[in-house]
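# Summary of the model geometry
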Amino acid sequence: MFMHRLSLLIAAMMAAIPFVTTAQPAARVSFNDGWTFSKDGVTKVVDLPHDWGVDGPFNINYPGETGKLSWWGKAEYTKILTVPANTTSSSEAPGNLYFLDIDGAMSWAKVFCNGNLVTEWPYGYASFRADLTPFIKEGDNEIKITLDNPEESSRWYPGGGIYRKVWLTKAPAVGVAHWGTYMTTKGDKATLRISLRGPSTSSGTGVVRTEIFEYNGNTPIASAETPVESITDSTVVTQKFDLTGAARWSPDHPNLFRAVTTVIPGSAGRLSEPGRVHPRSAAAEYGLSSATAPADEAYITVFGLRDIEYREDGIFIDGVKTFLKGVCLHHDAGALGAVWNNTAWERRLKMLKEMGCNAIRTSHNPPAPELLDLCDRLGFVVMDELTDTWTVPKKPNGYALLFDKWADKDLVAMIHRDRNHPSVILWSIGNETGEQGYPDLYHIPAHLTEICHTEDPTRPTTFGSDNPWASEQEFRNTMDIYGFNYKPHLYAKYHDANPGKLYLGSETASTISTRGVYFFPIEEDPRGKEFCEKDFQVSSYDLHTVPWGQIPEQEWEFEDANPTCLGEFVWTGYDYLGEPTPYNRDLTILTNFHDPETKAKAEKEIAEKGVVSTPSRSSYFGIIDLAGFPKDRYWLYQARWSDKTTLHILPHWNWEGREGEVTPVHVYTNCDKVELFVNGESKGTLERADKQYRLRWDDIVYQPGKIEAIGWKDGRKVASETIKTAGPESKIKMDLEKGFGEGDLYYIDVKLTDKKGIFAPRACDELKFSIKGPGEILAVDAGDPTCLTPFHSDTIKAFNGLASVIIKTKPGAKGKIVVTATSDGLKKDRIRIKL
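What comes next concerns the included structure. Here the residue numbers are simple positions, counted from 1 along each chain's written sequence. Given that the model is predicted, a residue must reach a pLDDT of at least 70 before its local features are reported, and side-chain atom pairs must reach 80 or more before they are shown or counted; all residues, however, enter totals for whole chains, interfaces and linings. Where side-chain values are given, they derive from all heavy atoms of the structure, hydrogens and water being excluded.

### Comments concerning the overall build of the protein chain
- In this description a helix means any DSSP run of H or I spanning at least four residues, a strand means any run of E spanning at least two, and both kinds are numbered starting from the N terminus. Along the protein chain, the regular secondary structure elements total ten helices and 44 strands.
- For the protein chain, with 835 residues in total, the buried portion stands at 61%.
- In the protein chain, the share of contacts with a sequence separation of at least 24, taken over all contacts with a separation of at least 6, comes to 72%.
- Summed over all atoms, the accessible surface of the protein chain reaches about 30,800 Å², with 50% contributed by carbon and sulfur. Categorising residues by exposure relies on relative accessible area from a 1.4 Å probe, with only protein chains included: less than 20% of the type maximum marks a residue as buried, more than 50% marks it as exposed, and the intermediate range marks it as partly exposed. Throughout, a contact is declared for two residues whenever any of their heavy atoms are within 4.5 Å. All accessible areas in this document rest on Shrake-Rupley with a 1.4 Å probe, and a residue is counted as covered only by the protein chains that are shown.

Printed below as a string of structure tokens:
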């Protein structure tokens, strides 16, 4: 099974890495456990991150763009913060400061302390800080966060709730300001600009000291110490470091460092212990139970050394051309909804890395900060995006309501938070905004680009443009690198008209498919078929796209013909909740239904209710499905993007009822040539042309048995794959994915086989899961975009032979977890997880 093989490869490639985020005060602690959540008259205790929408249930009558989940509404979260005596701050006796850092809350968040409004931040994707200090008292303090998530505010599933992490920092009166470090590098030299935190008037002299460590190191490799005559909120210190011989950061070798900065007030100033090991986490050394904060608060900045050149012939990282082999990602993690989880996203990114992907576009919003930490560690480059909307609305309650007042603040917050990440190489100021068509509004992108240049002059700006006309107007000069969404045919024209100006495919392909589903006959015109297909699915021959899109080979044809193209970001790396194109439109037109059985059901439903209840709740765009199982397209991209030898056969070979009928066989490969065998008989050898990754045997007649493909490179047999016809499903087989995570989540892949252990690719039996030991079944899924079984369940129908169950462990638990899967008529299986 692929997922099991992939997990073994990932485990060998990289074990789970200790996690340090960029950038943070060392004294911050998690403030995520034990919140009281209230919504619609229901109150319960939850741990953050929390997404109320993904709790379900699905509602088939909701629009497809919602994910069929009710993520909208008003809610509040409350928690008690107990402050020891003699640790609060006052004008007479300055003491500790208390900050609440919120990584993301959806949306229109307001923060209260003891009934007082502390701050508000409406953009649900923004990270922000609330200074609790003026309202904190000794003893118990009520912290309350209210949210107002309006309907009709998003084109996809945004989630609802405090869906990212919340942190509490207790700090001395002077220190490093929020997101107050800015590290830039050139060659072996590094420059750190440090903004200090202090009173509005001088708190006296002090010393700022920074030590540089390797990411997992304990011995400083460089240091700097700067006397400060006056520490105030406007004090800025610049320090320089020589890091000659230090390891460099690149996608292939993502080496990182920690800069640990300490501010020591007073004339004595110097650290008594230079070279000591500074904490990476507050939990070990500081905590809210302490009577006082540390005298010298440490602030950690993770960074990498790399020089980037943006040239007409490509992006070069330390002189190595890096073609962007990227994907667009929405922020949900499938069955987890919008909830951030490190393990889930490390799993996702490592699967993309194995495919050959090297770039991520955070479409269409600032991501969770930990996503960029993972990209730093795993070796991805990132297009960090602000928003999907400016002033021209796409949804009645969308970002256009916020833009005039909040866009500058949101953009500055994104840049200050993210500019130390070596993975971030582009700031995207927007996506497909209506302003492209109005020259009198071009001052908007020009202004956003100016902000980016002011706050971070080291990175260029870009934009995802879907308006061909705009690429010939002054709009093209309001950003540094022009991004084309689905317009590869304009690459050459743009380059000829704008010599020296850079461009890329900011959003490409939009191929649609369902894992394990194949329809016959196959379509040759990728935009020629009107949907619906059978059961609201799309064929996985990867020959279907949306009216504005392309299949992968069409995009690649233009990339290969235009070597000045910097790369592409495929829509999308994973299926995501909401936006189930092509099944998010009017389906009352019966000529859209091609399968007789599906058409008859639709006709009956229209007669009874006047509409067709479309079950699709997640997208069909992904290279990998919502449950994390690769679609066939995964190997098509791997064949082009990766140096790994790739050979993959489609479709499966279980076609009862099609005996004697033409059933085309395609092979995705980067081998020089491939020979295909059906039941031992050669069906010919096809040689692969340059830049060709799909070989087709379109006249194969189906007979049960087996198909086998053998691939050669340089005259040697280097790969083979065999697919056998399975008998009726008989057994359940469970595999534990390995090679990622922090021990909080475990992903179990479930497949159905016949009695000989041959994978049953059309089995859709209902599975029941049970668990014993210190864990719980967090979620189930199978990758079916029409499945309306709640994710938080212990049952799920397998989809085309596969299902996934996610196990959450109890914090700090030791022992053994046993998970059992059963289904009527099938031999059960169980798996043991040792903690």
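Back to the write-up after that little detour.
### Notes on the packing of aromatic side chains
- Pairing of aromatic rings covers Phe, Tyr and the six-membered ring of Trp, with a centre-to-centre limit of 6.5 Å; geometry is then stacked below 30 degrees between planes, edge-to-face above 60, and tilted otherwise. Per the counting criterion, the structure on display carries 38 aromatic pairs.
- Measuring from ring centre to ring centre gives 5.2 Å for Phe 58 and Phe 791, while their planes differ by 80°; the resulting arrangement is edge-to-face. Of this pair, Phe 58 sits in the loop between β4 (42-46) and β5 (73-83) while Phe 791 sits in the loop between β40 (775-781) and β41 (795-797), and the two are 733 residues apart along the sequence.
- When its relative accessible area of 10% is taken as the criterion, Phe 58 is described as buried.
- Overall, Phe 791 belongs to the buried group, its relative accessible area being 1%.
- Considering the side-chain rings of Phe 520 and Trp 655, the 5.0 Å spacing of their centres and the 85° angle between planes classify their relative orientation as edge-to-face.

### Remarks on empty space enclosed by the protein
- In this analysis, the protein atoms alone were mapped onto a 1 Å grid. Cavities are point sets where a 1.4 Å probe fits without being able to get out; pockets are open sets with protein on both sides within 12 Å along at least five of seven lines; lining residues have an atom within 4 Å of a point. Grid points are joined across faces, edges and corners, and a volume is the space filled by probe spheres set on the points. Scanning all chains against the criterion turns up six cavities of 30 Å³ or more.
- A volume near 330 Å³ is recorded for the largest cavity.
- Considering the residues around the largest cavity, the lining is formed by 26 residues, among which Tyr 123, Tyr 125, Ser 153, Gly 398 and Tyr 399 are closest to the centre.
- Within the lining of the largest cavity, the residues separate by chemical class into twelve nonpolar, ten polar and four charged. Amino acid classes used here: Ala, Val, Leu, Ile, Met, Phe, Trp, Tyr, Cys and Pro are nonpolar; Asp, Glu, Lys and Arg are charged; the rest, including Gly, are polar.

### Comments concerning the pattern of salt bridges
- What counts as a salt bridge is simple: a side-chain nitrogen of Lys or Arg found within 4 Å of a carboxyl oxygen of Asp or Glu. What the rule picks out here adds up to 35 salt bridges.
- As a salt-bridge pair, Glu 553 and Arg 694 come within 2.7 Å of each other at their nearest N and O atoms. A residue pair is termed long-range when its members are at least 10 positions apart, and Glu 553 in helix α8 (residues 552-561) and Arg 694 in strand β34 (residues 694-697) qualify at 141 residues.
- Overall, Glu 553 belongs to the partly exposed group, its relative accessible area being 25%.

### A word on the side chain of Ser 423
- Within the fold, Ser 423 resides in the loop between α5 (403-418) and β25 (424-431).
- A 3.5 Å cut-off defines polar contacts: any pair of N or O atoms within that distance qualifies, except that in protein one atom must be a possible hydrogen donor and the other a possible acceptor, and neighbouring residues in sequence count only when both atoms are side-chain atoms. At a separation of 2.7 Å, a polar atom in the side chain of Ser 423 contacts the side chain of Asp 376.
- Discounting residues that sit within four places of it in the chain, Ser 423 has contacts with Trp 249, Leu 372, Cys 375, Asp 376, Phe 380, Val 381 and Val 382.

### Digging into the sheet that holds strand β10 (residues 139-149)
- Judged by pairing direction, the sheet is antiparallel, and its six strands sit side by side in the order β4-β3-β5-β10-β7-β8 without closing on themselves. One side of each edge strand has no neighbouring strand; the edge strands of this open sheet are β4 and β8 (116-121). For this sheet, the mean angle separating the axes of adjacent strands, direction not counted, is 20°. Each pair of strands is called paired provided DSSP finds at least two bridges between the two strands. Angles run from 0 to 180 degrees between N-to-C directions of axes, and those axes are lines fitted to C-alpha atoms, restricted for helices to the stretch in contact.

### A short note on a positive patch on the surface
- Here the term patch refers to residues with relative accessible area over 30% and no salt bridge, with like charges joined within 9 Å and nonpolar side chains (Val, Leu, Ile, Met, Phe, Trp, Tyr) within 5 Å. When charges are counted, neither His nor the chain ends are considered; positive counts come from Lys and Arg and negative counts from Asp and Glu. To locate a charge, take NZ of a lysine, CZ of an arginine, CG of an aspartate or CD of a glutamate. A contiguous patch of positive charge, built from Lys 772, Lys 816, Lys 828, Arg 830 and Arg 832, is present on the exposed surface.
- Looking at the element boundaries, Lys 816 is found in strand β43 (residues 816-822).

### Describing the layout of surface pockets
- Reported here for the second largest pocket is a volume of approximately 1,000 Å³.
- When contributions to the lining of the second largest pocket are tallied by element, the ones reaching two or more residues are β21 (320-321), α3 (342-355), α8 and α10 (633-641).
- Residue composition of the lining of the second largest pocket, by class: 14 nonpolar, seven polar and 14 charged.

### Things to note about the nonpolar core
- Formed by 201 residues in total, the largest nonpolar core has its most connected members in Leu 100, Leu 132, Val 327, Leu 349, Leu 352 and Ile 360.
- Counting residues in each nonpolar core, the second largest holds 29 residues, with Val 780, Ala 782, Phe 799 and Val 805 among its members. Remark: nonpolar core denotes a set of buried residues (Ala, Val, Leu, Ile, Met, Phe, Trp, Tyr, Cys) joined through side-chain atoms within 4.5 Å.

### A closer look at the packing of α8 against α10
- The geometry of α8 relative to α10 is characterised by a closest axis approach of 12 Å and an angle of 15° between their N-to-C directions. Taken together, α8 and α10 sit at an angle that is classed as roughly parallel. Here the hand of the crossing between α8 and α10 comes out right-handed. Touching Pro 552, Glu 553, Trp 556, Glu 559 and Asp 560 of α8 are Arg 633, Leu 636, Tyr 637 and Arg 640, all from α10.
- Looking at the contact of α8 with α10 residue by residue, the class counts come to four nonpolar, no polar and five charged. Reported orientations rely on four angle classes, namely roughly parallel under 35 degrees, roughly antiparallel over 145, roughly perpendicular from 65 to 115, and oblique for the rest. Rotating anticlockwise by less than a right angle from the far helix to the near helix defines a left-handed crossing, while the corresponding clockwise rotation defines a right-handed one.

### Quick notes on the sheet that holds strand β6 (residues 97-102)
- Pairing is antiparallel in the open sheet, where four strands are placed in the order β2-β11-β6-β9. Looking at the sheet topology across the chains shown, the edges are occupied by β2 (28-30) and β9 (128-131). Put simply, the sheet's adjacent strands are angled 25° from each other on average, direction ignored.
- Summarising the sheet, β6 and strand β11 (residues 166-171) pair through six bridges and their orientation is antiparallel. When the bridges of β11 are listed, Tyr 98 appears paired with Lys 170.

### Quick notes on α3
- With 14 residues, α3 should reach 20 Å at 1.5 Å per residue; the first-to-last C-alpha distance of 20 Å fits that figure.
- By the criterion of burial, α3 is predominantly enclosed, with 14 of the 14 residues buried.
- The N-cap of α3, judged by a side-chain oxygen 2.9 Å from the amide nitrogen of Thr 343 a few residues on, is Asn 341.
- One or two positions beyond α3, positive phi appears at Gly 356, with a value near 105°. In this analysis, the expected span of each helix is defined as 1.5 Å times one less than the number of residues it contains.

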